[in-house]
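Next come the chains, spelled out residue by residue.
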Amino acid sequence: MIEWALRGARLLQFASTLVLFGSALFLLYGYRSGAPAAAPPPEREPSWIQALLLWTSLVGVASAIAWLLSESMLLTDTWTSWRDVLIGTQLGMVLALRAGLLALAALVCVGSRLRSRLSRGLSMGSSLASRPARSLYAPVSILGGLSVASFAWSGHGSIGSGSGSQVHLAADVLHLLTAGTWIGALLPMSVLSVQALRSRSPTEAADVARGLARFSFFGAAVVLILILSGLVNSGFLIGAGRWRALFATGYGIALLVKVALFGLMLILASRHRYRTTPALQRVLAERSDGAAILRQLRATIIAETVLAFLVLADVAVLGTLEPPAAS
Ligand code: HEM
């Protein structure tokens, strides 16, 4: 029972931290940045963006605490040993560092909200109103990125010693940051596509097309690094010449399920890149009705987001199973 509580805390921690990082990064490079001069600057960033970044950072802090308490329970049969686990283990210290970074991100979000309220109150004109967006996304991306990278020190990524372990650690950090870049962008893109379909506003449809095109620009590199770093991770944790363990151990089967889910995500992502984005750009250029394409996109991008959540659920279990190379 306690093992499932730990896996639940890990899932919430992975989901909130990767979404915080990936969505702040996406908003920085893919949302209204480089919008044509004619497009009116936003009065202020939509409230769902502030809410998304604030709540993911707060859930991140709460799930770090839940992870610590359930791990303490698992290690010592009582959660009251959390102080010893916190200061006496690498995991404890990494969880404390991550909770601190995420709490800082929450403070940045609250500060941005107060500032935009203040600027509205003082009505100092749209230029100031649109500035909070930039000063929100950049620091939250950095704090989120450091939190995501820290997972390498709280999982199997830090197993082993010697030069090999440095390669494994570096591959794990790359794996985590590219995973966050991809799946963290899916939630804001899902919201933008739902809103564009509901409002039928060409500006919002253009936001979706620009976001998709910007993400596609990085997409191929992100997927390639994710696969290569995943293979390096697998090499260290399954072990050379032990591929049969893929089919004969709980760890191996969980990894195979993960790769299968990843394959389904890749099919949907390729469709977005090679079919949906060009089609949406075409209807916008022709000023014709993009509702049919937006409807399709809404379905496939939400499906890709659900698959991403299932990959993280798999990872939440995978990291608690003993890798074949360790036995
Ligand atoms: C969307 C795709 C993917 C996402 C979101 C993802 C996410 C993650 C995350 C968050 C971890 C860290 C787990 C931890 O610290 O406990 C991880 C570890 C890992 N990933 Fe991935 N990954 C993806 C694709 C892949 C692929 C394609 C492979 C294999 C080729 C792979 C192989 C691994 C392995 C072996 C680990 C180490 C697990 C452990 O700590 O025991 N991943 N992945």
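Cut-offs used in this document
- Residues numbered from 1 in each chain as written.
- Predicted model: local features only at pLDDT ≥ 70, side-chain atom pairs only at ≥ 80, totals over all residues.
- Heavy atoms only, no water.
- Near = heavy atom within 4 Å.
- Polar contact = N/O pair within 3.5 Å; in protein donor to acceptor, adjacent residues only side chain to side chain.
- Helix = DSSP H or I, 4+ residues; strand = E, 2+ residues; numbered from the N terminus.
- Nonpolar A, V, L, I, M, F, W, Y, C, P; charged D, E, K, R; others polar.
- Domains from an automatic or database assignment.
- Axes fitted to C-alpha atoms, helices over the stretch in contact; angles between N-to-C directions.
- Parallel < 35°, antiparallel > 145°, perpendicular 65-115°, else oblique.
- Left-handed = near helix turned anticlockwise from the far one by under 90°.

## Focus: the site of the ligand
Stage number 1. Residues in close proximity to the ligand total 24 residues, the closest being R10, H156, H175, Y251 and K258.
Stage number 2. In this structure, R10 approaches the ligand through a side-chain N or O atom, which is 3.0 Å from an oxygen atom.
Stage number 3. Here an oxygen atom of the ligand sits 2.6 Å away from a polar atom, N or O, in the side chain of Y251.
Stage number 4. Counting residues per element, the ones that place at least two in the shell around the ligand are α1 (2–30), α6 (163–199), α7 (202–238), α9 (250–285) and α10 (291–318).
Stage number 5. By residue class, the composition of the shell around the ligand is 16 nonpolar, six polar and two charged.
Stage number 6. Here the shell around the ligand spans two domains, since at least three of its residues come from each of domain 1 (1–154) and domain 2 (161–327).

## Section: the packing of α7 against α9
Stage number 1. The N-to-C vectors of α7 and α9 enclose an angle of 155°; their axes lie 9 Å apart at closest approach. On the basis of the axis angle, α7 is roughly antiparallel to α9. By crossing handedness, the relation of α7 to α9 is classed as left-handed.
Stage number 2. For the contact of α7 with α9, a count of residues per class yields 19 nonpolar, four polar and one charged.

All we've got here are geometric facts, nothing functional implied.
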